[in-house]
Each structure stands twice: as structure tokens, then as C-alpha cells.
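Working through the structure, step by step
Residue-level listing of the chains:
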Amino acid sequence: MVKEKINEKSEKIRKKGRWGFVVGAIFALSLAIIVSKMSFFAYNIKSCDCKDSRKYTGIVEDCCCDYETVESLNKEVLNPLLQELVTTPFFRYFKVKLWCDCPFWLDDGMCHLRDCSVCECPDNEFPEPFKKPFHNKLSSDDLICQEGKPEATVDRTLDNNAFRGWVVVDNPWTNDDETDNGEMTYVNLQLNPERYTGYAGPSARRIWDAIYTENCPKYPSGEFCQEKRVLYKLISGLHSSISVHIGADYLLDEATNLWGQNSELLDERVLRYPDRVRNLYFTFLFVLRAVTKAANYLEHAEYNTGNSAEDLKTQSLIRQLLYNPKLQAACPLPFDEAKLWQGQSGPELKQQIQKQFRNISALMDCVGCEKCRLWGKLQVLGLGTALKILFSVDGQNNVAQPLQLQRNEVIALLNLLNRLSESIKFVHEMGPAVEMTMNDGVSTLGGYSSIWKHLLSLVVGPR
Ligand SMILES: Cc1cc2nc3c(=O)[nH]c(=O)nc-3n(C[C@H](O)[C@H](O)[C@H](O)COP(=O)(O)OP(=O)(O)OC[C@H]3O[C@@H](n4cnc5c(N)ncnc54)[C@H](O)[C@@H]3O)c2cc1C
């Protein structure tokens, strides 16, 4: 009896001791985590303050501005203006043919499945936006057409007050047929943010493969032909920007519809490859140069949507963007297009690259997800417009060929610039923290979880 009581007591003491150890260990672990978190923030503060820790410095390759200038101009001037500009009625509606009408591989199963709406959902697929504003909710047919993924479908809701037409002029760099017909639809871009849609696998891979292998191969190191380099870097920069938007706005949990940042994706697709980040900056400066080169045209363009207050605001924002003193002082010539097409083979090379870009533009009809097709088409048209401004018109020297842009080209150009600006802001502000968590976090978390498991086993006993 006495022995039993002694045993009971000593067992109690052992348990208490075990608990004391566990509580102590938890305290120590928490302290360690807090200290490591503090050093994480200290690192971040250091990485913002200390120039030496910057990954991207100096002049952006083939451009005329440095990374630091691009980042500060973007943050202070360009991004705030562009963010406001793209919400104006003029810039938020984009005219687009959304059908999957692939000229390259007609028998693509993915494409047909997603595009079944062309034949099976005529009411939804042939909207008359100005007469009949669209509904917000997706019909069950729409869901079938998008393989049950609502996030891949374009919301076609519209205001009645869109705009009047501009001139229709051909762009030698793009494949778009701008003829107004029943296939064209107007889309409110604000209702269709570029983000994760679930579009992946062989269909998406096939498009990127066709773009890179057939139409803009990665230039071998030491490639002297700047024009080929430019085409590759433009596409790679656009690809980086698309990936940044997918990773920054990702469906983390389908069941609870939780959206947020996917650090792993951002790291694996973009941040881990400095070239891809550099190409993003390059593409941004290239498009920015096109916008500033077309300043005179853009300043006098008609931004008439029937809402005079909003239209005046649009015009004012455009002027603030085009003639911004900080931009003009810090980065007056973001990219020097005069250096291109100089050699004897210049005209021939231009035709070849123009054909390749037209193919890329046509490939957008093969994108098997409506929302990706929308943004793919818009951004490739934006790039095509930049190419047209920089290389198809001689500017002041060629009076016979004045610059003429379609309304849709202007909308695409400025929306593209905004997409790229968002991506640069994200990579600059969030990139170091994402890379830090990916480099450190996985091993640290793994370490923490094994300690937690051990502590738990001490309390409840091994499982
Ligand atoms: C035009 C278009 C628009 C799209 N829009 C969306 C969208 O809005 N939302 C969405 O969720 N999905 C979208 N997708 C799909 C998305 O881009 C990816 O294809 C998909 O998420 C699968 O990714 P992945 O890991 O296979 O790599 P991908 O991004 O498909 O890349 C394929 C290969 O290209 C190379 N590569 C990747 N990035 C670069 C770069 N920056 N420069 C050079 N080479 C590179 C790599 O070798 C990589 O393995 C779009 C696809 C296309 C073709």
C-alpha cells in the first residue's frame, strides 16, 4: 500500500517534471522563433536600406535607365497614375474576339472542350453588349465550357456608356481582325482581373513551346543580333509578368474560396531566374518608350465615352503620365529604338521578326482558357502596338506615314504598361521576402515541425 502510494507520488513528480520540461522547451522554442522572426525583419529592413544587398543594379540591359530609377519612378509616379487610368471608362473596356479559333492545331481537344460554348452556348457567347448588358452570374453552360472552372470564365457585364469607334488601321505586327461583327465582344477588364485560372498542363505548355521554339528562340549567349534578342526578351518579360500575376493572386483554397499569394510559384517560375526578372524590366522600359514616343498622338486622341467628367479625368491622367517631369528628368529615353535594324539585312530581318510576332499574336487564339485568352490577346496587342509605334512609323522624319492607332490598340498599350508596372512593383517590394521564405522557410519550418512533433510525443507518448 505504502509502496503503491510512493510509486503514485513519484509517477506524479515524473509527469510534473515532464510537463515542466515541455513548458520550458515550448518557451525556449517560442523565443527562438521570435528571435529568428526578428532577424528576418531585420534582414528585410537591411535589404531595403543597404544598397549592397540589391540583386538588380546598374543599367537594364539594352535600355537606357537603371533598375533603381525604374523602381522609384514606377513606385512614385507611374504605378499610381496607371492604376487610376485603367479604371476610367475609356480604358476599362476592351474589344475582343474571345472564341478559341486556333489556326494551328484544329484538333486540339483541350481547346474544343473549353470552346464548346461557340456551338453549344450561343446565347452566352454572342452578347450584344450595348443593347443587352450581361448578367453577373455564370450559367451552367458557361461552367461546362470552362471545364467547371468558374475562375477561368470572362465576366461580360458592361455599362451601356462605352465609347464610339475610332479608325480601323492595320497593324503589321499583329494578326487581329478588327472588323466589328458578331464575334466581337466588349469586356470590362476591371471585372476580369488577370490572376490564377487553373489553366495549365499540355494545352498551356503547347502554346509557350510554340512561342519559344518556333517564333522567338532563346538567343545563344554571344548572339549579336540585337533585334532577335529584343523579341525574345519582350516575350520572356511578358511571360514573367503573367506568372507574377498568377502567383500574386492565387486560389489557395478552393473549398473556402481563399485567394492570396503563392510564394512557391512566384519563386519557382520567376524569382529564381534573374534573367526572367531582368526581361520583365526590359519589357516595361520598351513599352514605356513606345508610350512616351507616341505622346503627341496620345495627348490629342479622343477619349470620349459619353461621360464628360470621367473623360476629362482620363485626358488629365494621360497628360500627367506623358509629360511627367520626374520621368523626363530621370529616364528621358527608356529604350533607344534607333539602334535597331541598322545593318544591310535590316529590312529583311524586320520582315522576319514581324512575321514571327504575327504568329505569336495568332497563337493567342489557341489559348484554351477564356480569361487567359483575353489577357493574352490584350497584352500581345499591347506589345504589337509598341512595336508599331517604335518600328513601323518614322516619327518626325516621315510625314507621309503619320502614326495612327486604333482605340483598342491604345487601350491594350496602356493596360499592358499597367500590368508590367504592377509586376515590377510586386517583384521589387515582395521579391526579397518571398525568396527569403523559400530559401529559409522550408528548412526552418521543417525543423520547427520536427521539434513540435518531438515535444508532443513527450506529452502524449509516442504514437
Ligand atoms: C497567353 C497565355 C496566358 C495565360 N494566362 C494565364 C492566366 O491569366 N492565369 C493562369 O492561371 N494561367 C495562365 N496561363 C497559363 C500559365 O502561363 C502557365 O502555362 C501554367 O500556369 C502552367 O505553368 P508551368 O509551371 O507549366 O510553366 P509555364 O509558365 O507554362 O512555362 C513553360 C516553360 O516556359 C519557360 N519559361 C517560363 N517562364 C519563362 C520566362 N519568363 N521567360 C522564358 N522562359 C520561361 C520554362 O522553361 C517553363 O518550363 C496562360 C498561358 C498562356 C499561354
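Residues numbered from 1 in each chain as written. Predicted model: local features only at pLDDT ≥ 70, side-chain atom pairs only at ≥ 80, totals over all residues. Heavy atoms only, no water.

This structure, assessed with the given rule, holds three disulfides. Disulfide pairing is shown between C65 and C331; the S-S distance is 1.8 Å. Across the S-S bond linking C65 and C331, the dihedral sits near 95°, which makes this disulfide right-handed. You can see C65 sitting in the loop between helix 1 (2-49) and helix 2 (67-85) and its partner C331 sitting in the loop between helix 14 (325-330) and helix 15 (346-363), a full 266 residues away along the chain. Across this residue pair, the class does not change: C65 and C331 are buried. What pairs with C369 in a disulfide is C372, and their sulfur atoms sit 2.4 Å apart. (Disulfide = S-S within 2.5 Å. Helix = DSSP H or I, 4+ residues; strand = E, 2+ residues; numbered from the N terminus. Buried < 20%, exposed > 50% of the residue type's maximum accessible area, 1.4 Å probe, protein only.)

So, on to the UniProt feature "active site" (unreviewed entry) in the chain. Under the feature "active site" (unreviewed entry), the UniProt entry names C369 and C372. For the largest pocket, the lining residues among the annotations just cited are C372. The residue C369 is located in the loop between helix 15 and helix 16 (370-392) in this model. For C372, the position within the fold is in helix 16. (UniProt positions renumbered as here; feature names shortened; annotations may be inferred. 1 Å grid on protein atoms, 1.4 Å probe; cavity = no way out; pocket = protein on both sides within 12 Å on 5 of 7 lines; lining within 4 Å.)

The next subject is the layout of surface pockets. A volume near 1,000 Å³ is recorded for the largest pocket. As for the largest pocket, its lining consists of 44 residues, of which W208, H239, S243, I246 and R269 are closest to the centre. At nine residues, helix 9 (residues 226-248) tops the list of elements feeding residues into the lining of the largest pocket. (Points joined across faces, edges and corners; volume = space filled by probe spheres on them.)

A separate point is the nonpolar core. Here is a general trend for soluble globular proteins: nonpolar side chains tend to be buried in one another's company. Counting 108 residues, the largest nonpolar core has F286 and L414 as its most contacted members. Looking at this core, the element that brings in the most residues is helix 17 (residues 407-460), giving 13 residues. Leave out the neighbours within four places in its chain, and F286 touches V230, L234, F335, A386, L387, L390 and F391. (Core = buried A, V, L, I, M, F, W, Y, C linked by side-chain atoms within 4.5 Å. Contact = heavy atoms within 4.5 Å.)

Let's shift gears to the UniProt feature "binding site: FAD" (unreviewed entry) in the chain. Within this structure's numbering, the places UniProt gives as "binding site: FAD" (unreviewed entry) are R195, T197, W208, S236, H239 and R269. The subset of these annotated residues that lines the largest pocket comprises R195, T197, W208, S236, H239 and R269. Relative to the elements of secondary structure, H239 occurs in helix 9. For H239, the contacting residues outside a window of four places in its chain are W208 and Y212. Only 2.8 Å separates the side chain of H239 from the side chain of Y212, close enough to count as a polar contact. Summarising the element assignment, R269 is placed in helix 10 (residues 263-271). Its relative accessible area of 39% is what places R269 among the partly exposed residues. Residue contacts for R269: discarding those within four places in its chain leaves S243, I246 and R276. (Polar contact = N/O pair within 3.5 Å; in protein donor to acceptor, adjacent residues only side chain to side chain.)

Tracing the backbone shows T88 in the loop between helix 2 and helix 3 (89-92). Residues in contact with T88, not counting those within four places in the same chain, are E310, K313, T314 and L317.

Moving on, we get to the environment of N74. Tracing the backbone shows N74 in helix 2. Under the relative-accessibility criterion, N74 is labelled buried at 1%. Residues within four places of N74 in sequence aside, it is in contact with N79, P80, F284, S421, I424 and K425.

Turning our eyes to something else, we now look at unusual backbone geometry. Apart from glycine, the bulk of residues carry a negative phi angle, and the bulk of peptide bonds sit in the trans form. Positive phi outside glycine occurs at D62, with the angle close to 70°. Mapped onto the secondary structure, D62 falls in the loop between helix 1 and helix 2. A positive phi is found at W341, a non-glycine position, where the angle reads about 60°. Take W341: it is sitting in the loop between helix 14 and helix 15.

What follows is about the confidence of the model for the chain. Taken residue by residue, the chain gives an average pLDDT of 77. The fraction at 70 or more is 67%. Low confidence marks residues 109-146, where pLDDT is under 50. Its contacts with residues over four positions away, or in another chain, come to 76 contacts. Per-residue pLDDT stays below 50 along residues 160-165; that stretch engages in 19 contacts with residues further than four places along the chain or on separate chains. (pLDDT = per-residue confidence, 0-100.)

Inspection of the entire model under this criterion finds 17 salt bridges. Between R229 and D62 there is a salt bridge, and its shortest N-O distance comes to 2.8 Å. Here the residue R229 occupies a position in helix 9, and D62 occupies one in the loop between helix 1 and helix 2, the gap between them amounting to 167 residues. Exposure remark for R229: the relative accessible area of 14% places this residue in the buried category. Here D62 makes a salt bridge to K233, at a shortest N to O gap of 2.8 Å. Here K233 lies in helix 9 and D62 lies in the loop between helix 1 and helix 2, a separation of 171 residues in the sequence. When sorted by exposure, D62 lands in the same class as K233, which is buried. Each of E61, D62, R229 and K233 takes part in one network of salt bridges that share partners. (Salt bridge = Lys/Arg side-chain N within 4 Å of Asp/Glu carboxyl O.)

Look at helix 15: 26 Å from first C-alpha to last across 18 residues, which is about the 26 Å you get at 1.5 Å a residue. Three or more residues of helix 15 are buried, namely G346, L349, I353, Q354, Q356, F357, I360, S361, A362 and L363. Those residues of helix 15 that are buried lie in contact with helix 8 (202-215), helix 9 and helix 16. (Expected span 1.5 Å × (residues − 1).)

It is worth spelling out the packing of aromatic side chains at this point. Following the criterion strictly, the structure yields 18 aromatic pairs and no others. Taken together, a centroid distance of 5.8 Å and an interplanar angle of 90° make the contact between F282 and F335 edge-to-face. In this pair, F282 sits in helix 11 (residues 274-293) while F335 sits in the loop between helix 14 and helix 15, placing the two residues 53 residues apart along the sequence. The two residues F282 and F335 agree in class, both being buried. Both rings, one in W341 and one in F391, keep their centres 5.3 Å apart while their planes meet at 85°; by these two values the pair is edge-to-face. Of the two residues, W341 sits in the loop between helix 14 and helix 15 while F391 sits in helix 16, which places them 50 residues apart along the sequence. Looking at F391, the relative accessible area reads 5%, which means it is buried. Three or more aromatic residues joined by ring pairs make a cluster, and in this case those are W173, F282, F286, F335, W341 and F391. When the ring centre of W375 is taken as reference, the NZ or CZ atom of R419 above it lies at 4.6 Å. (Phe/Tyr/Trp six-rings, centres within 6.5 Å; stacked < 30°, edge-to-face > 60°. Lys NZ or Arg CZ within 6 Å of the ring centre and 35° of its normal.)

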